[in-house]
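So the chains spell out like this:
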There are 2 protein chains.
Amino acid sequence: MPREKQFDEQEVLKKAMLLFWRKGYHDTSIKDLIAFLGISNASIYNAFGGKKKLFDRAFSNYRMTNLHALNDFLSAQKNIKRGLQAIFHRIIEDDCNDPDCKGCFIVNSIAELIPGDPEFKIVTSQHQKSIEEVFVTHLKLGVRRGQIPDGKNLEVISTALYTHMTGLRVVGKTTPNAEEMKASTDAVLSALLS
Amino acid sequence: MPREKQFDEQEVLKKAMLLFWRKGYHDTSIKDLIAFLGISNASIYNAFGGKKKLFDRAFSNYRMTNLHALNDFLSAQKNIKRGLQAIFHRIIEDDCNDPDCKGCFIVNSIAELIPGDPEFKIVTSQHQKSIEEVFVTHLKLGVRRGQIPDGKNLEVISTALYTHMTGLRVVGKTTPNAEEMKASTDAVLSALLS
DNA sequence: GATGTTTTGGAAATATCTTTATATTTTCAA
DNA sequence: TTGAAAATATAAAGATATTTCCAAAACATC
(Lines give C-alpha, C1' and ligand atoms only; values in the text may rest on other atoms or scores of the structure.)
Protein backbone atom coordinates (compact mmCIF):
# COMPACT_ATOMS: atom_id res chain seq x y z
CA MET A 1 0.00 0.00 0.00
CA PRO A 2 2.14 2.86 1.12
CA ARG A 3 5.43 3.76 -0.38
CA GLU A 4 8.30 3.31 2.04
CA LYS A 5 10.39 6.20 3.28
CA GLN A 6 13.67 6.48 1.46
CA PHE A 7 15.46 7.80 4.50
CA ASP A 8 15.91 6.73 8.08
CA GLU A 9 14.02 9.18 10.26
CA GLN A 10 16.42 8.77 13.18
CA GLU A 11 19.41 9.29 10.94
CA VAL A 12 17.93 12.46 9.52
CA LEU A 13 17.15 13.71 13.01
CA LYS A 14 20.75 13.08 14.00
CA LYS A 15 21.99 15.07 11.04
CA ALA A 16 19.50 17.85 11.68
CA MET A 17 20.72 17.99 15.24
CA LEU A 18 24.30 18.42 14.04
CA LEU A 19 23.39 21.30 11.77
CA PHE A 20 21.20 23.10 14.31
CA TRP A 21 23.92 22.53 16.88
CA ARG A 22 26.56 24.10 14.67
CA LYS A 23 24.58 27.00 13.27
CA GLY A 24 21.83 27.58 15.81
CA TYR A 25 18.13 27.71 15.05
CA HIS A 26 17.70 31.01 13.27
CA ASP A 27 20.78 30.80 11.09
CA THR A 28 19.83 27.36 9.80
CA SER A 29 17.57 27.67 6.79
CA ILE A 30 15.39 25.07 5.12
CA LYS A 31 17.78 25.31 2.20
CA ASP A 32 20.69 24.47 4.49
CA LEU A 33 18.73 21.54 5.85
CA ILE A 34 17.84 20.22 2.40
CA ALA A 35 21.51 20.28 1.42
CA PHE A 36 22.78 18.79 4.67
CA LEU A 37 20.09 16.20 5.26
CA GLY A 38 19.97 15.07 1.64
CA ILE A 39 16.19 14.95 1.59
CA SER A 40 13.83 17.31 -0.14
CA ASN A 41 11.70 20.13 1.02
CA ALA A 42 8.52 18.11 0.79
CA SER A 43 10.02 15.25 2.77
CA ILE A 44 10.96 17.55 5.62
CA TYR A 45 7.48 18.98 5.81
CA ASN A 46 5.82 15.63 5.31
CA ALA A 47 7.90 13.77 7.86
CA PHE A 48 8.42 16.44 10.50
CA GLY A 49 5.90 19.21 9.89
CA GLY A 50 8.29 22.12 9.46
CA LYS A 51 11.47 23.71 10.66
CA LYS A 52 10.49 24.32 14.27
CA LYS A 53 9.03 20.86 14.76
CA LEU A 54 12.14 19.31 13.25
CA PHE A 55 14.26 21.38 15.60
CA ASP A 56 12.19 20.33 18.59
CA ARG A 57 12.58 16.66 17.78
CA ALA A 58 16.29 16.98 17.06
CA PHE A 59 16.71 18.90 20.29
CA SER A 60 14.75 16.36 22.27
CA ASN A 61 16.98 13.59 20.91
CA TYR A 62 20.12 15.46 21.94
CA ARG A 63 18.70 16.24 25.36
CA MET A 64 17.82 12.63 26.09
CA THR A 65 21.16 11.34 24.83
CA ASN A 66 22.92 13.90 26.96
CA LEU A 67 20.95 13.04 30.09
CA HIS A 68 21.35 9.30 29.74
CA ALA A 69 25.03 9.58 28.91
CA LEU A 70 25.62 11.46 32.16
CA ASN A 71 23.61 9.00 34.19
CA ASP A 72 25.19 5.94 32.58
CA PHE A 73 28.68 7.31 32.98
CA LEU A 74 28.23 8.12 36.65
CA SER A 75 26.50 4.81 37.33
CA ALA A 76 29.52 2.97 36.00
CA GLN A 77 31.88 4.74 38.42
CA LYS A 78 32.89 3.25 41.73
CA ASN A 79 34.15 6.50 43.15
CA ILE A 80 31.84 9.46 42.72
CA LYS A 81 34.54 12.10 43.09
CA ARG A 82 36.75 10.54 40.47
CA GLY A 83 33.67 9.83 38.40
CA LEU A 84 32.63 13.47 38.40
CA GLN A 85 36.15 14.53 37.58
CA ALA A 86 36.23 12.03 34.72
CA ILE A 87 32.96 13.19 33.19
CA PHE A 88 33.94 16.85 33.44
CA HIS A 89 37.35 16.13 31.91
CA ARG A 90 35.67 14.23 29.13
CA ILE A 91 33.35 17.12 28.36
CA ILE A 92 36.35 19.44 28.33
CA GLU A 93 38.30 17.17 26.00
CA ASP A 94 35.33 16.79 23.68
CA ASP A 95 34.74 20.54 23.56
CA CYS A 96 38.40 21.38 23.02
CA ASN A 97 38.89 18.73 20.34
CA ASP A 98 35.83 19.80 18.37
CA PRO A 99 37.19 21.80 15.41
CA ASP A 100 33.84 23.58 15.16
CA CYS A 101 33.77 24.63 18.82
CA LYS A 102 30.05 23.95 18.87
CA GLY A 103 29.83 23.79 22.65
CA CYS A 104 26.63 22.28 24.00
CA PHE A 105 23.48 22.22 21.89
CA ILE A 106 21.31 22.75 24.96
CA VAL A 107 23.31 25.68 26.31
CA ASN A 108 23.46 27.28 22.87
CA SER A 109 19.74 26.92 22.39
CA ILE A 110 18.93 28.32 25.83
CA ALA A 111 21.04 31.35 25.03
CA GLU A 112 19.47 31.79 21.60
CA LEU A 113 15.81 30.99 22.20
CA ILE A 114 15.06 32.39 25.65
CA PRO A 115 13.21 34.75 25.93
CA GLY A 116 11.03 34.40 22.87
CA ASP A 117 10.09 30.77 23.22
CA PRO A 118 8.37 30.28 26.60
CA GLU A 119 7.72 26.59 25.99
CA PHE A 120 11.39 26.03 25.36
CA LYS A 121 12.14 27.62 28.69
CA ILE A 122 9.93 25.06 30.43
CA VAL A 123 11.63 22.17 28.67
CA THR A 124 15.13 23.35 29.53
CA SER A 125 14.16 24.11 33.11
CA GLN A 126 12.96 20.53 33.45
CA HIS A 127 16.19 19.36 31.86
CA GLN A 128 18.20 21.21 34.46
CA LYS A 129 16.14 19.57 37.18
CA SER A 130 16.78 16.15 35.64
CA ILE A 131 20.52 16.69 35.46
CA GLU A 132 20.63 17.92 39.03
CA GLU A 133 18.67 14.89 40.16
CA VAL A 134 21.26 12.65 38.54
CA PHE A 135 23.98 14.52 40.41
CA VAL A 136 22.13 14.32 43.72
CA THR A 137 21.47 10.62 43.33
CA HIS A 138 25.12 9.85 42.77
CA LEU A 139 26.32 12.27 45.41
CA LYS A 140 24.09 10.54 47.93
CA LEU A 141 25.60 7.25 46.90
CA GLY A 142 29.03 8.78 47.42
CA VAL A 143 28.11 9.84 50.94
CA ARG A 144 26.78 6.38 51.73
CA ARG A 145 30.04 4.90 50.45
CA GLY A 146 32.04 7.28 52.57
CA GLN A 147 33.60 8.97 49.55
CA ILE A 148 32.06 12.35 50.35
CA PRO A 149 31.89 13.88 53.85
CA ASP A 150 28.46 13.73 55.44
CA GLY A 151 26.44 16.82 56.27
CA LYS A 152 26.77 18.65 52.96
CA ASN A 153 23.81 20.13 51.16
CA LEU A 154 23.85 17.94 48.08
CA GLU A 155 21.15 19.88 46.26
CA VAL A 156 23.25 23.02 46.48
CA ILE A 157 26.32 21.15 45.30
CA SER A 158 24.47 19.67 42.36
CA THR A 159 23.27 23.14 41.31
CA ALA A 160 26.85 24.34 41.55
CA LEU A 161 28.01 21.42 39.43
CA TYR A 162 25.35 22.12 36.83
CA THR A 163 26.30 25.78 36.77
CA HIS A 164 29.98 24.99 36.38
CA MET A 165 29.25 22.47 33.63
CA THR A 166 27.13 25.01 31.80
CA GLY A 167 29.84 27.62 32.13
CA LEU A 168 32.44 25.22 30.77
CA ARG A 169 30.42 24.67 27.61
CA VAL A 170 30.46 28.40 26.90
CA VAL A 171 34.08 28.95 27.89
CA GLY A 172 35.06 26.07 25.60
CA LYS A 173 33.61 27.94 22.65
CA THR A 174 35.79 31.01 23.05
CA THR A 175 38.85 29.70 24.83
CA PRO A 176 39.20 25.95 24.31
CA ASN A 177 42.16 25.55 26.64
CA ALA A 178 41.80 22.05 28.06
CA GLU A 179 44.48 22.36 30.72
CA GLU A 180 43.09 25.60 32.07
CA MET A 181 39.56 24.26 32.10
CA LYS A 182 40.59 21.04 33.80
CA ALA A 183 42.51 22.92 36.44
CA SER A 184 39.59 25.18 37.28
CA THR A 185 37.24 22.21 37.29
CA ASP A 186 39.49 20.26 39.62
CA ALA A 187 39.64 23.26 41.93
CA VAL A 188 35.86 23.55 42.04
CA LEU A 189 35.29 19.82 42.47
CA SER A 190 37.81 19.28 45.20
CA ALA A 191 36.63 22.42 46.96
CA LEU A 192 32.98 21.41 46.83
CA LEU A 193 33.40 17.75 47.68
CA SER A 194 36.01 17.79 50.45
CA MET B 1 27.35 73.19 6.48
CA PRO B 2 26.21 69.67 7.16
CA ARG B 3 22.84 68.78 8.50
CA GLU B 4 23.03 67.58 12.08
CA LYS B 5 22.00 64.12 13.14
CA GLN B 6 18.53 63.99 14.59
CA PHE B 7 19.45 61.28 17.04
CA ASP B 8 22.07 60.67 19.67
CA GLU B 9 24.37 57.96 18.39
CA GLN B 10 25.16 56.66 21.86
CA GLU B 11 21.49 56.50 22.74
CA VAL B 12 20.71 54.57 19.60
CA LEU B 13 23.57 52.19 20.30
CA LYS B 14 22.18 51.61 23.76
CA LYS B 15 18.77 50.81 22.35
CA ALA B 16 20.23 48.56 19.66
CA MET B 17 22.13 46.73 22.37
CA LEU B 18 18.88 46.11 24.26
CA LEU B 19 17.15 44.67 21.22
CA PHE B 20 20.07 42.48 20.14
CA TRP B 21 20.41 41.37 23.75
CA ARG B 22 16.77 40.35 23.96
CA LYS B 23 16.37 38.75 20.53
CA GLY B 24 19.88 37.75 19.55
CA TYR B 25 21.61 38.72 16.33
CA HIS B 26 19.87 36.59 13.71
CA ASP B 27 16.34 37.05 14.99
CA THR B 28 16.67 40.83 15.04
CA SER B 29 15.77 42.26 11.65
CA ILE B 30 16.43 45.69 10.22
CA LYS B 31 12.68 46.21 10.40
CA ASP B 32 12.74 45.41 14.12
CA LEU B 33 15.61 47.85 14.56
CA ILE B 34 13.84 50.63 12.65
CA ALA B 35 10.78 50.24 14.87
CA PHE B 36 12.73 49.96 18.12
CA LEU B 37 15.39 52.58 17.47
CA GLY B 38 12.97 55.11 16.00
CA ILE B 39 15.34 55.99 13.18
CA SER B 40 15.05 55.12 9.55
CA ASN B 41 16.67 52.61 7.34
CA ALA B 42 18.95 55.12 5.69
CA SER B 43 20.05 56.51 9.04
CA ILE B 44 21.12 53.11 10.25
CA TYR B 45 23.15 52.47 7.12
CA ASN B 46 24.53 55.98 7.03
CA ALA B 47 25.53 56.13 10.67
CA PHE B 48 26.62 52.57 11.31
CA GLY B 49 27.15 50.88 7.97
CA GLY B 50 24.78 47.97 8.33
CA LYS B 51 23.33 45.43 10.69
CA LYS B 52 26.52 43.59 11.56
CA LYS B 53 28.51 46.74 12.16
CA LEU B 54 25.74 48.12 14.33
CA PHE B 55 25.76 44.89 16.29
CA ASP B 56 29.52 45.01 16.71
CA ARG B 57 29.41 48.51 18.10
CA ALA B 58 26.47 47.77 20.40
CA PHE B 59 28.24 44.66 21.57
CA SER B 60 31.48 46.50 22.18
CA ASN B 61 29.63 49.05 24.28
CA TYR B 62 28.06 46.35 26.41
CA ARG B 63 31.34 44.53 26.78
CA MET B 64 33.19 47.61 27.99
CA THR B 65 30.41 48.59 30.37
CA ASN B 66 30.38 45.07 31.74
CA LEU B 67 34.14 44.96 32.23
CA HIS B 68 34.40 48.36 33.89
CA ALA B 69 31.40 47.68 36.11
CA LEU B 70 33.10 44.57 37.45
CA ASN B 71 36.39 46.31 38.00
CA ASP B 72 34.82 49.38 39.63
CA PHE B 73 32.65 47.29 41.89
CA LEU B 74 35.53 45.15 43.10
CA SER B 75 37.81 48.15 43.51
CA ALA B 76 35.28 49.71 45.87
CA GLN B 77 35.26 46.67 48.15
CA LYS B 78 37.42 46.42 51.23
CA ASN B 79 37.03 42.68 51.57
CA ILE B 80 37.54 40.71 48.40
CA LYS B 81 35.60 37.66 49.53
CA ARG B 82 32.55 39.69 50.49
CA GLY B 83 33.06 41.79 47.39
CA LEU B 84 32.98 38.77 45.10
CA GLN B 85 29.95 37.45 46.91
CA ALA B 86 28.26 40.82 46.52
CA ILE B 87 28.92 41.10 42.79
CA PHE B 88 27.75 37.56 42.16
CA HIS B 89 24.62 38.13 44.22
CA ARG B 90 23.95 41.29 42.30
CA ILE B 91 24.23 39.52 38.98
CA ILE B 92 21.86 36.86 40.27
CA GLU B 93 19.35 39.44 41.47
CA ASP B 94 19.55 41.33 38.19
CA ASP B 95 19.05 38.19 36.14
CA CYS B 96 16.19 36.91 38.27
CA ASN B 97 14.41 40.27 38.35
CA ASP B 98 14.61 40.75 34.61
CA PRO B 99 11.14 39.93 33.29
CA ASP B 100 12.69 39.13 29.90
CA CYS B 101 15.28 36.70 31.30
CA LYS B 102 17.78 38.04 28.79
CA GLY B 103 20.78 36.67 30.65
CA CYS B 104 24.12 38.12 29.55
CA PHE B 105 24.51 39.67 26.13
CA ILE B 106 28.08 38.38 25.86
CA VAL B 107 27.24 34.83 26.84
CA ASN B 108 24.23 34.77 24.54
CA SER B 109 26.27 36.06 21.63
CA ILE B 110 29.08 33.57 22.21
CA ALA B 111 26.53 30.78 22.14
CA GLU B 112 24.85 32.11 19.02
CA LEU B 113 27.75 33.33 16.91
CA ILE B 114 30.55 30.81 17.54
CA PRO B 115 31.42 29.00 15.33
CA GLY B 116 30.57 30.99 12.23
CA ASP B 117 32.17 34.28 13.22
CA PRO B 118 35.88 33.66 13.86
CA GLU B 119 36.58 37.32 14.58
CA PHE B 120 33.94 37.34 17.24
CA LYS B 121 35.64 34.40 18.87
CA ILE B 122 38.85 36.40 19.15
CA VAL B 123 37.06 39.35 20.73
CA THR B 124 35.28 37.24 23.31
CA SER B 125 38.41 35.28 24.11
CA GLN B 126 40.15 38.56 24.85
CA HIS B 127 37.19 39.61 26.95
CA GLN B 128 37.50 36.47 29.04
CA LYS B 129 41.16 37.24 29.56
CA SER B 130 40.30 40.77 30.66
CA ILE B 131 37.71 39.61 33.16
CA GLU B 132 40.07 37.02 34.58
CA GLU B 133 42.77 39.65 34.94
CA VAL B 134 40.39 41.77 36.97
CA PHE B 135 39.70 38.79 39.20
CA VAL B 136 43.39 37.98 39.59
CA THR B 137 44.27 41.57 40.44
CA HIS B 138 41.72 41.73 43.21
CA LEU B 139 42.45 38.24 44.46
CA LYS B 140 46.11 39.20 44.80
CA LEU B 141 45.05 42.24 46.75
CA GLY B 142 42.98 39.97 48.97
CA VAL B 143 45.98 37.76 49.65
CA ARG B 144 48.11 40.77 50.49
CA ARG B 145 45.43 41.96 52.88
CA GLY B 146 45.28 38.55 54.51
CA GLN B 147 41.69 37.98 53.43
CA ILE B 148 42.57 34.97 51.30
CA PRO B 149 45.00 32.21 52.35
CA ASP B 150 48.35 32.38 50.65
CA GLY B 151 49.63 29.71 48.27
CA LYS B 152 46.56 29.39 46.07
CA ASN B 153 46.73 29.42 42.30
CA LEU B 154 44.86 32.62 41.64
CA GLU B 155 44.78 32.18 37.87
CA VAL B 156 42.98 28.89 38.28
CA ILE B 157 40.56 30.40 40.76
CA SER B 158 39.80 33.30 38.45
CA THR B 159 39.06 30.92 35.59
CA ALA B 160 36.76 29.00 37.90
CA LEU B 161 35.02 32.25 38.88
CA TYR B 162 34.61 33.24 35.25
CA THR B 163 33.21 29.80 34.44
CA HIS B 164 30.78 29.93 37.34
CA MET B 165 29.67 33.44 36.41
CA THR B 166 29.10 32.37 32.83
CA GLY B 167 27.13 29.36 33.95
CA LEU B 168 24.97 31.53 36.20
CA ARG B 169 23.97 33.73 33.29
CA VAL B 170 22.65 30.72 31.40
CA VAL B 171 21.00 29.07 34.41
CA GLY B 172 19.26 32.36 35.15
CA LYS B 173 17.55 32.23 31.77
CA THR B 174 15.87 28.89 32.35
CA THR B 175 15.57 28.69 36.11
CA PRO B 176 15.73 32.16 37.65
CA ASN B 177 15.70 30.97 41.24
CA ALA B 178 17.71 33.54 43.15
CA GLU B 179 17.96 31.62 46.41
CA GLU B 180 19.19 28.47 44.72
CA MET B 181 21.70 30.37 42.63
CA LYS B 182 23.00 32.32 45.61
CA ALA B 183 23.39 29.16 47.66
CA SER B 184 25.38 27.41 44.94
CA THR B 185 27.48 30.53 44.41
CA ASP B 186 28.23 30.83 48.11
CA ALA B 187 29.25 27.19 48.17
CA VAL B 188 31.64 27.66 45.26
CA LEU B 189 33.09 30.91 46.59
CA SER B 190 33.67 29.75 50.13
CA ALA B 191 35.10 26.48 48.87
CA LEU B 192 37.48 28.17 46.45
CA LEU B 193 38.61 31.00 48.70
CA SER B 194 39.05 29.29 52.08
C1' DG C 1 19.34 84.26 1.76
C1' DA C 2 22.23 81.37 -1.21
C1' DT C 3 25.46 77.47 -1.14
C1' DG C 4 27.11 73.14 -0.22
C1' DT C 5 27.17 69.13 2.65
C1' DT C 6 24.90 65.66 5.31
C1' DT C 7 20.88 63.40 6.97
C1' DT C 8 16.53 61.41 6.20
C1' DG C 9 12.25 59.07 4.45
C1' DG C 10 10.43 56.16 1.22
C1' DA C 11 10.75 53.36 -2.54
C1' DA C 12 13.13 50.05 -5.16
C1' DA C 13 16.20 46.29 -5.92
C1' DT C 14 17.64 41.97 -4.86
C1' DA C 15 17.97 38.03 -2.37
C1' DT C 16 16.38 34.66 0.59
C1' DC C 17 13.07 32.74 3.73
C1' DT C 18 9.23 29.33 5.06
C1' DT C 19 5.40 27.08 3.55
C1' DT C 20 1.94 25.23 0.37
C1' DA C 21 0.40 23.10 -3.82
C1' DT C 22 0.68 19.99 -7.60
C1' DA C 23 2.03 16.32 -10.16
C1' DT C 24 4.85 12.22 -10.35
C1' DT C 25 6.72 8.10 -8.50
C1' DT C 26 6.86 4.18 -5.62
C1' DT C 27 4.88 0.49 -3.09
C1' DC C 28 1.91 -3.46 -2.32
C1' DA C 29 -2.76 -5.57 -1.48
C1' DA C 30 -6.68 -6.88 -4.04
C1' DT D 1 -2.84 -5.13 -13.59
C1' DT D 2 -5.08 -1.99 -11.14
C1' DG D 3 -5.90 1.26 -7.47
C1' DA D 4 -5.21 3.27 -2.93
C1' DA D 5 -1.79 5.28 0.07
C1' DA D 6 2.29 7.50 1.05
C1' DA D 7 6.64 9.76 -0.34
C1' DT D 8 9.06 12.60 -3.45
C1' DA D 9 10.48 16.33 -6.81
C1' DT D 10 9.56 20.57 -8.61
C1' DA D 11 7.51 24.74 -8.78
C1' DA D 12 5.24 28.55 -7.04
C1' DA D 13 3.41 31.38 -3.61
C1' DG D 14 3.80 34.65 -0.30
C1' DA D 15 6.44 36.75 3.22
C1' DT D 16 10.38 38.85 4.86
C1' DA D 17 15.52 39.80 4.64
C1' DT D 18 19.32 43.23 3.78
C1' DT D 19 20.99 46.74 1.15
C1' DT D 20 21.10 50.54 -2.26
C1' DC D 21 19.29 54.57 -4.41
C1' DC D 22 17.43 59.10 -4.86
C1' DA D 23 14.92 63.15 -4.07
C1' DA D 24 13.68 66.13 -0.37
C1' DA D 25 14.77 68.33 3.95
C1' DA D 26 17.88 70.49 7.35
C1' DC D 27 21.54 73.11 8.83
C1' DA D 28 26.21 75.77 9.20
C1' DT D 29 28.84 78.87 6.87
C1' DC D 30 29.68 82.32 3.38
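See the structure above.
These figures come from a predicted structure and were not determined experimentally. Throughout this description, residue numbers start from 1 for each chain and increase along the sequence as written. The lettering of chains begins at A and the numbering of ligands begins at 1, in the order of writing. Whole-chain, interface and lining totals are the exception, using all residues; otherwise, since this is a predicted model, local features are given only for residues with pLDDT of at least 70 and side-chain atom pairs are given and counted only at 80 or more.

Colleague: Describe the overall build of chain A, and please don't skip the residues or the numbers.
Modeller: Secondary structure follows DSSP: runs of H or I at least 4 residues long count as helices, runs of E at least 2 residues long count as strands, and numbering of each begins at the N terminus. Per the secondary structure count, chain A includes nine helices and zero strands. If one aligns the C-alpha atoms of chain A with their principal axes, the spans along those axes are about 60 × 40 × 30 Å. Three exposure classes are used, based on other C-beta atoms lying within 10 Å of a residue's own C-beta, which is placed from the backbone: buried for 20 or more, exposed for 12 or fewer, and partly exposed in between. Looking at chain A residue by residue over its 194 residues, the buried ones come to 40%. Summarising the internal contacts of chain A: among those between residues at least 6 apart in sequence, 67% fall at separations of at least 24. Residues are scored as being in contact if the C-beta atoms we place from backbone atoms lie within 7 Å.

Colleague: So what about the interface of chain B and chain A? Which residues, and what values?
Modeller: The partner chain A presents 43 residues to the 42 residues of chain B that form the contact. Listing elements by their share of the side of chain B that touches chain A, those giving two or more residues are α1 (9-23), α6 (105-113), α7 (118-144), α8 (154-174) and α9 (178-193) of chain B. Among the elements that take part in the side of chain B that touches chain A, α8(B) stands out by supplying 13 residues, more than any other. Looking at side-chain class alone, the side of chain B that touches chain A contains 17 nonpolar, 16 polar and nine charged residues. Side-chain classes follow a simple rule in which Ala, Val, Leu, Ile, Met, Phe, Trp, Tyr, Cys and Pro form the nonpolar group, Asp, Glu, Lys and Arg form the charged group, and the remainder, Gly included, forms the polar group.

Colleague: Quick one: what's the story with α6(B), residue by residue and with numbers?
Modeller: With respect to burial, α6(B) is a largely interior element, nine of its nine residues being buried. Here α6(B) has its buried residues at Phe105(B), Ile106(B), Val107(B), Asn108(B), Ser109(B), Ile110(B), Ala111(B), Glu112(B) and Leu113(B). Lining the buried residues of α6(B) we find α6 (105-113) and α8 (154-174) of chain A together with α1, α4 (51-75), α7 and α8 of chain B.

Colleague: Please give an account of the packing of helix α5 (residues 80-97) of chain B against α9(B) that cites residues and values.
Modeller: Residue and element names in this part refer to chain B. Contact geometry of α5 with α9 gives a least axis separation of 10 Å together with a crossing angle of 160°. Taken together, the axes of α5 and α9 lie roughly antiparallel to each other. For the pair α5 and α9, the crossing hand works out as right-handed. From α5, Lys81, Leu84, Gln85, Phe88, His89, Ile92, Glu93 and Cys96 reach across to α9, where they touch Ala178, Met181, Lys182, Thr185, Asp186, Leu189 and Leu193. Its residues placed into classes, the contact of α5 with α9 shows eight nonpolar, three polar and four charged. Structural elements are reduced to axes, namely lines fitted to C-alpha atoms, with helices fitted over the stretch in contact, and the angle between N-to-C directions of any two is expressed from 0 to 180 degrees. In this scheme, roughly parallel covers angles under 35 degrees and roughly antiparallel covers those over 145, while 65 to 115 is roughly perpendicular and the rest are oblique. Crossing handedness is read from the near helix: turned anticlockwise from the far helix by less than a right angle, it gives a left-handed crossing, and turned clockwise, a right-handed one.

Colleague: Break down the relation of the copies chain B and chain A for me, citing the residues and quoting the values.
Modeller: Copies overlap after least-squares fitting; the atoms used are the C-alpha atoms of residues with pLDDT of at least 70 in both. Least-squares fitting of chain B to chain A yields an RMSD of 0.0 Å, with the superposition described by an axial translation of 0.0 Å and a rotation of 180°. Given the turn and translation reported, the copies of this chain are related as if by a two-fold rotation axis. When C-alpha distances to the rotation axis are compared across chain B, the minimum falls at Gly167(B), with a value of 1.8 Å. When you check the interface residues of chain B against chain A, 100% turn up at the interface there too, and the contact is symmetric in its surfaces.

Colleague: Before we move on, could you go through the packing of α8(A) against α8(B) and cite the residues and values that matter?
Modeller: Between α8(A) and α8(B), whose axes approach to 7 Å, the crossing angle comes to 100°. Compared by their axis directions, α8(A) and α8(B) come out roughly perpendicular. Within the contact between the two elements, α8(A) uses Tyr162(A), Thr163(A), His164(A), Thr166(A), Gly167(A), Leu168(A), Val170(A) and Val171(A) and α8(B) uses Thr163(B), His164(B), Thr166(B), Gly167(B), Leu168(B), Val170(B) and Val171(B). Of the residues assigned to the contact of α8(A) with α8(B), the class counts are seven nonpolar, eight polar and no charged.

Colleague: Could you give an account of the nonpolar core, with specific residues and numbers?
Modeller: Under the definition applied here, buried Ala, Val, Leu, Ile, Met, Phe, Trp, Tyr and Cys residues are grouped into a nonpolar core through C-beta atoms within 7 Å. Membership of the largest hydrophobic core comes to 96 residues, with the highest contact counts inside it found for Ala16(A), Ala58(A), Ala16(B) and Ala58(B). If we ignore the near neighbours within four places in the chain, the residues touching Ala16(B) are Leu33(B), Leu37(B), Leu54(B) and Ala58(B).

Colleague: Just give me the short version of unusual backbone geometry, but keep the residues and values in it.
Modeller: All names here are of chain A. Between Ile114 and the following residue, Pro115, the backbone shows a cis peptide bond with an omega angle of -5°. Mapped onto the elements of the fold, Pro115 is located in the loop between α6 and α7 (118-144). The backbone of Cys101 shows a phi angle near 50°, a positive value even though the residue is not glycine. The residue Cys101 is located in the loop between α5 (80-97) and α6 in this model.

Colleague: Any details on α8(A)? Residues and values, ideally.
Modeller: Under the 1.5 Å per step criterion, the end-to-end length of α8(A) is 31 Å for 21 residues, consistent within 8% with the ideal 30 Å. Burial analysis of α8(A) places 18 of its 21 residues in the buried class, the great majority of the element. Multiplying one less than the number of residues by 1.5 Å gives the expected span of a helix.

Colleague: Summarise the environment of Ser109(A); cite the residues concerned and give the values.
Modeller: Residue and element names in this part refer to chain A. Structurally, the position occupied by Ser109 is in helix α6. Judged by local crowding, Ser109 falls into the buried class, with 24 C-beta atoms found within 10 Å. Counting along the chain gives eleven residues from Ser109 to Phe120, while the straight-line C-alpha distance between them is 8.9 Å. Contact partners of Ser109, with chain neighbours within four places excluded, come to Tyr25 and Phe59.

Colleague: Quick rundown of the environment of Leu189(B)? Include the residues and the values.
Modeller: Positionally, Leu189(B) belongs in helix α9. Ignoring any residue separated from it by four or fewer positions in sequence, one finds Leu189(B) in contact with Leu84(B), Gln85(B) and Phe88(B).

Colleague: Summarise the environment of Met181(A); cite the residues concerned and give the values.
Modeller: Residues and elements named next belong to chain A. Here Met181 shows up in helix α9 (residues 178-193). In the structure, Met181 is positioned 177 residues away from Glu4 in sequence and 48 Å away in space, judged by C-alpha atoms. Residues contacting Met181, with those up to four places away along its chain left out, are Ile92, Leu168, Val171 and Gly172.

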